Amino acid sequence: MRNVFVLLVDGLRSDCLAGNRDRRFLERYAQAGALSTDHLDGAIDRGVRFRRAYSTATETLPALASLVTGCLPARHGVRCRCHPRIGTVPTIWEAFASAGYRTVFANAPEGARVLGLTAGVDLDFVGSDRELLEELVVEPDRPHLVVASFDDVTPPYLHSAEPSGDGGPGELVPALREIAGRYGVEFDEGALADPDRAAEIWNLVYAGLFAKGLGHPVENLVPLYVRGIRKFDEGRFRAFWQGLEASPLARDAVVVVTSLFGEAVYRPPGLGSDLFHHGWPPIEGAVHVPLGVAGPGLPAGAVVEGPVSLVDVAPTIADLAGLSPLPGVQGRSLVETARGGPAPAWSCYSEQSLVALEGTFQDFVHHATETGELPQHRCLLVRRDVRLGRWAYAEMGDQVQSADLVLPDRELVHSLFTRVLGRWPREPEHAALLAKIESGAMDRRAFVRTMLRQARIENKYRLHDVLADPEERVNLLALDEARYAPTAAVMQADLVRMTLDLGLDAPIDELMKL
């Protein structure tokens, strides 16, 4: 049995690797000459590079759930960062542990444990990369599955540990001084000597300036993001990769390099400026992630162009490790494709959710850790996408089902607002529509028609050509519906089946009428 290493670089876009041929994002923001990712590209090119790999979500925990279960959100249950994994859905940790592996999760993201995403982990490791590499050789004769998480290219950009590994604020400090001086932001200079305080100041600058669309967010943040990637590549990742290659556990090992989501440019409704961050709807930059798979029998430097998904990672590493097929997974092994077989031609699903909490997410995790119970919260499915070939089809909200139409009046109004429009209703509009239904001024069918008409006004149904329009600015259905509706209809059928966890051939005629 072979050792397996999965390296997760949160926030890393596929087109922000120098080895990626698509330079449009970098050129648009004059960063093509600033990017250097020799070590990340070297690790990926040790095996097969999948140029069109897609995450299933734009936040860490829902995407991580898909990676460790091989399932889409409807099946594993983590539809937002506060929903737990459905207990009957096994994890890769459990599958590998039952085969005799030592399972290690290094620096798991906050909340992973309380959502059940570490079930089957032998060693829930927290510490430095050097300490991790030392820990792994404690049991050299036992096969290992190791997933190591790196958050170095997420905000605050440039916070990655220095090449020396001391974790100092380094380039973050002059970046903060430059931004503060340019826009007149005042802060305590003495706090910049402390890495944690420097990060706090960064977050204050972001919340007070960039998150409001002030201070040219994209033009300021994209260069810092690119510099942060270069810093991580030349510093922490290089040191970790060299240490891993020198370890006896790396001999004939399977190595996967990927990301759970990307940082992306997006303009929220009602805001006059673009922003640059993560957690947006699943637009191309937010879900198009790097994926490299290396292992014995896989050709070094090979490239696969067809679309693949994070759900394909679990069955792929199980296949390469010689394990039996994982039960219940929706992903597919990419081994034959990596060895020169047919390129994948299936749709890739992604979604975005919002959550309403009392208190902070840290409060949520603390309460769940202390009591073993998840605090109450509300989760809203905001948008769902499928990608096939050059096309991305999107719908706001959730899939309407027959059961929604027989709910009591108050629940009906709330349900259709969230499912059709992908937002919680404002109290005045909820009350006005409810009054019309209860008074008989509007019957239920008329209410459904009203919701569908509003959905068109709010741009609910979208089709994008992601090769020509990677930032998904142009809705082709609004541009020429007659021309693009047939393409959208095929992709909509896939979207419905994946949203509801139906079989690929399941009849959905009645659902498509809703």
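Further up the page is the structure itself.
All values reported here derive from a predicted model rather than from experimental measurement.

### Remarks on the environment of Pro290
With respect to the secondary-structure elements, Pro290 resides in the loop between β9 (288-289) and β10 (291-294). Using a relative accessible area of 3% as the deciding quantity, one classes Pro290 as buried. Taking the C-alpha atoms as reference, Pro290 lies 26 Å from Met396; in sequence the two are 106 residues apart. In contact with Pro290, not counting residues within four places along its chain, are Leu12, Arg13, Ser14, Leu17, Ile44, Val257, Thr258 and Ser259.

### Here's the deal with the pattern of salt bridges
The tally for this structure, following the rule as stated, stands at 39 salt bridges. Across the pair Glu471 and Arg28 runs a salt bridge whose closest N-O atoms are separated by 3.1 Å. Remark: Arg28 occurs in helix α1 (residues 24-28) and Glu471 occurs in the loop between β15 (461-465) and α17 (476-479); sequence separation between them is 443 residues. The class for Arg28 is partly exposed, based on a relative accessible area of 41%. Between Glu284 and Arg387 there is a salt bridge, and its shortest N-O distance comes to 2.8 Å. In this pair, Glu284 sits in helix α10 (residues 284-287) while Arg387 sits in strand β13 (residues 377-388), placing the two residues 103 residues apart along the sequence. Among the charged side chains, a network of salt bridges with common partners joins Arg28, Arg267, Asp274, Glu471 and Arg473.

### Here we look at the nonpolar core
Taken as a class, soluble globular proteins show a tendency for nonpolar side chains to be buried jointly. Within the largest apolar cluster, 58 residues are counted, with the highest numbers of intra-cluster contacts made by Phe5, Leu7, Phe25, Leu132, Leu176, Trp202 and Phe276. Looking at this core, the element that brings in the most residues is helix α9 (residues 217-246), giving 12 residues. Once you skip the residues sitting within four places of it in the chain, Phe276 turns out to touch Phe25, Tyr157, Tyr206, Val218, Leu221, Val222, Tyr225, Glu263, Ala264 and Val265. In terms of nonpolar packing, the next biggest core, distinct from the first, is built from 55 residues, Leu64, Val254, Leu260 and Val335 among them.

### Things to note about helix α7 (residues 172-183)
Counted at 1.5 Å a residue, the expected span for α7 with its 12 residues is 16 Å, and the 17 Å between its end C-alpha atoms agrees. Listing the buried residues of α7 in full gives Leu172, Val173, Ala175, Leu176, Ile179 and Ala180. All buried residues of α7 lie within an arc of 160 degrees about the axis, which places them on one face of the element. Among the structural elements, α8 (195-208) and α9 are those in contact with the buried residues of α7.

### Considerations on the side chain of Asp469
Looking at where Asp469 falls in the secondary structure, it is placed in the loop between β15 and α17. Looking at Asp469, its side chain comes within polar contact range of the main-chain nitrogen of Arg473, at 2.9 Å. Within the structure, Asp469 has its side chain in polar contact with the backbone nitrogen of Val474 (distance 2.9 Å). Apart from the residues lying within four places of it in its own chain, the contact partners of Asp469 are His464 and Val474.

### Thoughts on the sheet that holds strand β12 (residues 348-357)
Taken in spatial order, the four strands line up as β12-β13-β14-β15 in an open sheet, and their pairing is antiparallel. Looking at which strands have only one partner, the edges of the open sheet turn out to be β12 and β15. Strand after strand, the sheet turns through a mean of 20 degrees between neighbouring axes, direction not considered. Pairing analysis gives five bridges linking strand β14 (residues 391-396) to β15, with the strands arranged antiparallel. Directly across from Tyr393, in β15, lies its bridge partner Leu463.

### Some points on the packing of aromatic side chains
Applying the stated criterion across every chain yields a total of 16 aromatic pairs. Ring centres of Phe232 and Phe237 lie 5.7 Å apart, and the angle between their planes is 55 degrees; this geometry places the pair in the tilted category. We classify Phe237 as buried; its relative accessible area is 0%. Each ring, one from Phe361 and one from Phe364, has its centre 5.9 Å from the other, and the planes form 15 degrees; the classification is stacked. Separated by three residues within a single helix, Phe361 and Phe364 lie in helix α13 (residues 361-371), roughly one turn from each other. Of the two residues, Phe361 and Phe364, both sit in the buried class.

The rules we used
- Residues numbered from 1 in each chain as written.
- Predicted model: local features only at pLDDT ≥ 70, side-chain atom pairs only at ≥ 80, totals over all residues.
- Heavy atoms only, no water.
- Helix = DSSP H or I, 4+ residues; strand = E, 2+ residues; numbered from the N terminus.
- Buried < 20%, exposed > 50% of the residue type's maximum accessible area, 1.4 Å probe, protein only.
- Contact = heavy atoms within 4.5 Å.
- Salt bridge = Lys/Arg side-chain N within 4 Å of Asp/Glu carboxyl O.
- Core = buried A, V, L, I, M, F, W, Y, C linked by side-chain atoms within 4.5 Å.
- Expected span 1.5 Å × (residues − 1).
- Arc of directions from axis to C-beta.
- Polar contact = N/O pair within 3.5 Å; in protein donor to acceptor, adjacent residues only side chain to side chain.
- Pairing = 2+ DSSP bridges.
- Axes fitted to C-alpha atoms, helices over the stretch in contact; angles between N-to-C directions.
- Phe/Tyr/Trp six-rings, centres within 6.5 Å; stacked < 30°, edge-to-face > 60°.

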